[in-house]
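Structure at a glance
Spelled out from the first residue to the last, the chains are:
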Amino acid sequence: MKRWMLYAALLLCLLLSGGCAGVEEGAIEEADEQTDRLQIGMSFDSFVIERWQRDRDIFVSTAKEMGAEVNVQNASGNLEEQVAQIEYFIDKEMDVIVIICIDSDSLADVVRKAKSEGIKVIAYDRLIKNSDVDLYISFDNEAVGEMMAQGIVNSGQDVKSVLMLGGPLADNNVSLVEKGFRRVMQEHQIEVLDAIHADGWKAELGGEYIYSHADVVSRADAIMCGNDDIATAVVRALSERRLAGKIGVVGQDADLAACQRIVQGTQIMTVYKPVEKLAQKAAECAIALGEGRDVETDSVIYDGSGLVPYVALEPISVYKDNMDDVIINSGFHLKEDVYLNMPELRMEKSETEAVED
């Protein structure tokens, strides 16, 4: 249908221009090539979290290299806007829609509508509940929580109590991360003094908690932050109270600022999720589904109403000791950026590397 509409438009242009004398033969071929390309719609929660821009760039470049066109939309944290974007993709008859959802519980109806139109749907990084998506691709989120907890346990401090300053429960990953975290805390008999959830992943809510709950914070030996963005606000608030480095902080996403804090000693660890692998794999799966091919998955996951195919990638714990191996050698961040505030440590490492060579 799309191809014939373009043909009709080109024919109309020919008639209006007085014939075919001024039209190149390649025009129809070019239009035909464009309509034959797989069309992928991609709706992001927002780009507030540092990593999402990297996910977008890798997904788009991978898909384009494989011959697909990607239409990226940013919902800016607005659920109604994200629903409207998915409706737009349906109207545009996309072959595949990839969704980084704002709310795991609120997109089932529009996802089912897309599927009823024969459009394949992928839940990217965050599960969309009760929607029977064609594929869910993410990291092992319970493992992320376990790694954060283990980072606190292995910190060398005598940790007896912690705070949990997590992300919004509307994000299904949050409950999975917290499940893994609490399991390790219970195993080591570490008390969780309090737990909050930052609505919309607003990092400033983590900092506000530090300012407004001084009594609870003073009793905590460590703080689990839902991501490194929240950790940034938390460490900033702790610094003003001269507690940065005294109360251990852990996070996830391996943001540059978090990696800098780890080498400085104001954050214990972060969890690196190789987003380049996730985005590349997701693009490959999107194209396969769009072309009607099956996608092999590691397992299935229950979305609240049934089992959906699940591709789970493994996260990696990042500490000061393995920063170079995991983050710098992979090209995720540049060495000069990670050690920006610790030039003497960067020089020391460079000299050690030179001797080993």
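Residues numbered from 1 in each chain as written. Predicted model: local features only at pLDDT ≥ 70, side-chain atom pairs only at ≥ 80, totals over all residues. Heavy atoms only, no water.

1. Concerning the overall build of the chain
Helix and strand counts for the chain stand at 15 helices and 13 strands. Taking contacts inside the chain between residues at least 6 apart in sequence as the whole, the part at least 24 apart equals 70%. For the chain, the accessible surface area stands at approximately 16,900 Å², while carbon and sulfur atoms represent 48% of it. (Helix = DSSP H or I, 4+ residues; strand = E, 2+ residues; numbered from the N terminus. Contact = heavy atoms within 4.5 Å. Areas by Shrake-Rupley, 256 points an atom, 1.4 Å probe, with all protein chains shown as cover.)

2. So, the sheet that holds strand E7 (residues 191-197)
One open sheet holds the four strands; their spatial order is E7-E6-E8-E9, and the pairing between them is parallel. Two strands in the sheet have a free side with no partner beyond their single neighbour: E7 and strand E9 (248-250). The sheet shows a mean angle of 15 degrees between the axes of neighbouring strands, taken without regard to direction. Pairing of strand E8 (residues 222-225) with E9, which is carried by three bridges, proceeds in the parallel orientation. The residue of E9 that forms the bridge with alanine 222 is glycine 248. (Pairing = 2+ DSSP bridges. Axes fitted to C-alpha atoms, helices over the stretch in contact; angles between N-to-C directions.)

3. Observations concerning the pattern of salt bridges
As enumerated under the stated definition, the model contains 16 salt bridges in all. Residue aspartate 134 is joined to lysine 115 by a salt bridge in which the shortest nitrogen-to-oxygen separation is 3.2 Å. Of the two residues, aspartate 134 is situated in the loop between strand E4 (120-124) and strand E5 (135-139) and lysine 115 in helix H5 (residues 108-116); the sequence distance between them amounts to 19 residues. Take aspartate 134: its relative accessible area is 18%, and that puts it in the buried class. Of the charged contacts, one joins glutamate 146 and arginine 183 as a salt bridge, the two residues approaching to 2.5 Å between their closest N and O atoms. One end of the pair, glutamate 146, is in helix H6 (residues 141-153); the other, arginine 183, is in helix H7 (residues 172-187), with 37 residues separating them in the sequence. With relative accessibility at 28%, the residue arginine 183 sits in the partly exposed group. (Salt bridge = Lys/Arg side-chain N within 4 Å of Asp/Glu carboxyl O. Buried < 20%, exposed > 50% of the residue type's maximum accessible area, 1.4 Å probe, protein only.)

4. Description of the side chain of glutamine 82
On the secondary structure map, glutamine 82 appears in helix H4 (residues 79-91). The buried category is assigned to glutamine 82, whose relative accessible area is 0%. Engagement of the side chain of glutamine 82 in a polar contact is seen with the backbone oxygen of isoleucine 100, the distance being 3.0 Å. (Polar contact = N/O pair within 3.5 Å; in protein donor to acceptor, adjacent residues only side chain to side chain.)

5. As for helix H12 (residues 275-290)
An α-helical turn contains 3.6 residues, so any two residues separated by three or four positions project in the same direction. Helix length check: H12, at 16 residues, gives a terminal C-alpha distance of 22 Å against a target of 22 Å (1.5 Å per residue), a fit within 8%. All of the buried residues in H12 are Val275, Leu278, Ala279, Ala282, Ala283, Cys285, Ala286, Ile287, Ala288 and Leu289. Just past H12, the residue glycine 292 takes up positive phi, approximately 85 degrees. (Expected span 1.5 Å × (residues − 1).)

6. With respect to the sheet that holds strand E1 (residues 38-44)
Pairing within the open sheet is mixed, and its seven strands lie in the order E2-E1-E3-E4-E5-E12-E11. Looking at the sheet topology across the chains shown, the edges are occupied by strand E2 (68-74) and strand E11 (299-302). The mean inter-strand angle of the sheet, taken between neighbouring strand axes irrespective of direction, is 25 degrees. Examined bridge by bridge, E1 and E2 share seven bridges and lie parallel to one another. From the neighbouring strand, leucine 38 faces E2, where its bridge partner is alanine 68.

7. Looking at the environment of alanine 231
Within the secondary structure, alanine 231 sits in helix H10 (residues 228-240). The residues contacting alanine 231, other than those within four sequence positions of it, are Cys225, Val249, Arg261 and Gln267.

8. Looking at the packing of aromatic side chains
Evaluation of the coordinates by the stated rule reveals five aromatic pairs. Plain terms: the ring middles of phenylalanine 44 and phenylalanine 47 are 4.9 Å apart, the flat faces sit at 40 degrees to each other, and that makes the pair tilted. Overall, the relative accessible area of 0% leaves phenylalanine 44 in the buried class. By way of ring pairs, the aromatic residues Phe44, Phe47 and Trp52 are connected into one cluster. Directly above the aromatic system of phenylalanine 332 lies the positively charged group of arginine 54, at a separation of 4.0 Å from the ring centroid. The ring of phenylalanine 47 carries arginine 56 above its face, with NZ or CZ at 4.9 Å from the centroid. (Phe/Tyr/Trp six-rings, centres within 6.5 Å; stacked < 30°, edge-to-face > 60°. Lys NZ or Arg CZ within 6 Å of the ring centre and 35° of its normal.)

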